[in-house]
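Coordinate inspection notes
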Amino acid sequence: MIKAVIFDMDGVLIDTEKYLFRYWKQAASEAGYELTDQILLGMRSLASEFAVPYFKEYVGEHADYAAIRSRRKELMSQHIAANGVEKKPKVDELLDYLHAHGYKTAVATATDPERAKQYLTSIGIYEKFDQVVCATMVPHGKPMPDVYLYVCEQIGEKPEECIAIEDSDNGVLSAYRAGCNVVMVPDLAGPKPETAELLTGFAENLAEVIPILEQMQG
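Remember, it's a predicted structure, so these values are computed and weren't measured experimentally.

1. Description of helix H10 (residues 209–217)
Those residues of H10 lying buried are Val209, Ile210, Ile212 and Leu213. In a view along the axis of H10, the buried residues occupy a sector of 165°, so they form one face of it. Where the residues of H10 are buried, they touch helix H5 (91–100), strand E4 (162–166), strand E5 (181–184) and strand E6 (201–202).

Written out as structure tokens, the structure is:
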């Protein structure tokens, strides 16, 4: 029986992935490098310990990942300060359904706690979650299972009794490795074939998670 639903944040609850792509590209370009969509797709939700070697493999050993990332964060912060954070479609519909039916809800994100709280508060949903867990709270970020194992511990539920909602291959792998049921709601791209094999379900938007959940409860 499913007792809780755990959400990734960027690309699932907030519409930020497209801006992350834009400003990664700009920051890299300012440093004299080119980042393609394919490279950036592979970086989504990837913890820094894994992102650094990945980045250098595709961009070059001499690329200063930390400096480029810092510039990307600066550009992103400027954008959000000017434009705010956009909520993904059907967020409230799914959260209202989950609360009405007694499910616990949580967030498992690669974003740091301060920004996660800022973003979720700005769209009025921070208080709707039982826990917000960030990769900075655990030894290893996505695609390792630590963040999902920790959030399950914090809400007092077994991973197999939880659904994780993810939009990236790295996020799916993290949740799957933790033992969660994983539903992908794609943002910028669908799953790789090897990722699709790990999924319990696939939904075009968050509202479509509801019938998947109802079928699982069957």
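Still more to cover.
2. Brief notes about the sheet that holds E5
Strand order in the open sheet formed by six strands is E3-E2-E1-E4-E5-E6, with parallel pairing between adjacent strands. Edge positions in the sheet fall to strand E3 (131–134) and E6, since each has one partner strand and no second. Two elements, strand E1 (residues 4–7) and strand E2 (residues 104–109), share four bridges in a ladder whose sense is parallel. Opposite Ala4, over in E2, you have Lys104 as the bridge partner. Running at roughly 155° to E1, H5 makes contact with E1, E2 and E4 of the sheet. Of the strands in this sheet, E4 and E5 are in contact with helix H8 (residues 169–178), which crosses E5 at around 165°.

3. Quick word on the packing of aromatic side chains
Tallied over the entire structure, the rule returns five aromatic pairs. When the centroid spacing of 6.0 Å and the interplanar angle of 40° are considered together, the rings of Trp24 and Phe55 count as tilted. Placement of the pair is Trp24 in helix H1 (residues 17–30) and Phe55 in helix H3 (residues 48–59), with a sequence separation of 31 residues. Centroid distance Tyr54 to Tyr58: 4.8 Å. Interplanar angle 50°. Geometry classified as tilted. Separated by four residues within a single helix, Tyr54 and Tyr58 lie in helix H3, roughly one turn from each other. Grouping aromatic residues by their ring pairs yields a cluster made of Trp24, Phe55 and Tyr65.

4. Details of the layout of surface pockets
Taken as a whole, the largest pocket encloses approximately 650 Å³ of empty space. Counting residues per element, the ones that place at least two in the lining of the largest pocket are H1, helix H2 (37–43), H3, helix H4 (65–83) and helix H6 (113–122). Sort the elements by how many residues they give to the lining of the largest pocket and H4 lands first, with five residues. Taken together, the residues that form the lining of the largest pocket break down as 15 nonpolar, eight polar and eleven charged.

5. Comments concerning the nonpolar core
Among the nonpolar cores identified, the biggest contains 56 residues, and Phe7, Leu13, Phe55 and Ile165 are the most heavily contacted of them. Residue contributions to this core peak at seven residues, all from H1. Residues contacting Phe55, with those up to four places away along its chain left out, are Trp24, Leu35, Met43, Gly60, Ala63, Tyr65 and Ile68. If you look at the next biggest cluster of nonpolar residues, it comprises 20 residues, including Ile6, Val147, Val151 and Ala175.

Rules and cut-offs
Residues numbered from 1 in each chain as written. Predicted model: local features only at pLDDT ≥ 70, side-chain atom pairs only at ≥ 80, totals over all residues. Heavy atoms only, no water. Buried < 20%, exposed > 50% of the residue type's maximum accessible area, 1.4 Å probe, protein only. Helix = DSSP H or I, 4+ residues; strand = E, 2+ residues; numbered from the N terminus. Arc of directions from axis to C-beta. Contact = heavy atoms within 4.5 Å. Pairing = 2+ DSSP bridges. Axes fitted to C-alpha atoms, helices over the stretch in contact; angles between N-to-C directions. Phe/Tyr/Trp six-rings, centres within 6.5 Å; stacked < 30°, edge-to-face > 60°. 1 Å grid on protein atoms, 1.4 Å probe; cavity = no way out; pocket = protein on both sides within 12 Å on 5 of 7 lines; lining within 4 Å. Points joined across faces, edges and corners; volume = space filled by probe spheres on them. Nonpolar A, V, L, I, M, F, W, Y, C, P; charged D, E, K, R; others polar. Core = buried A, V, L, I, M, F, W, Y, C linked by side-chain atoms within 4.5 Å.

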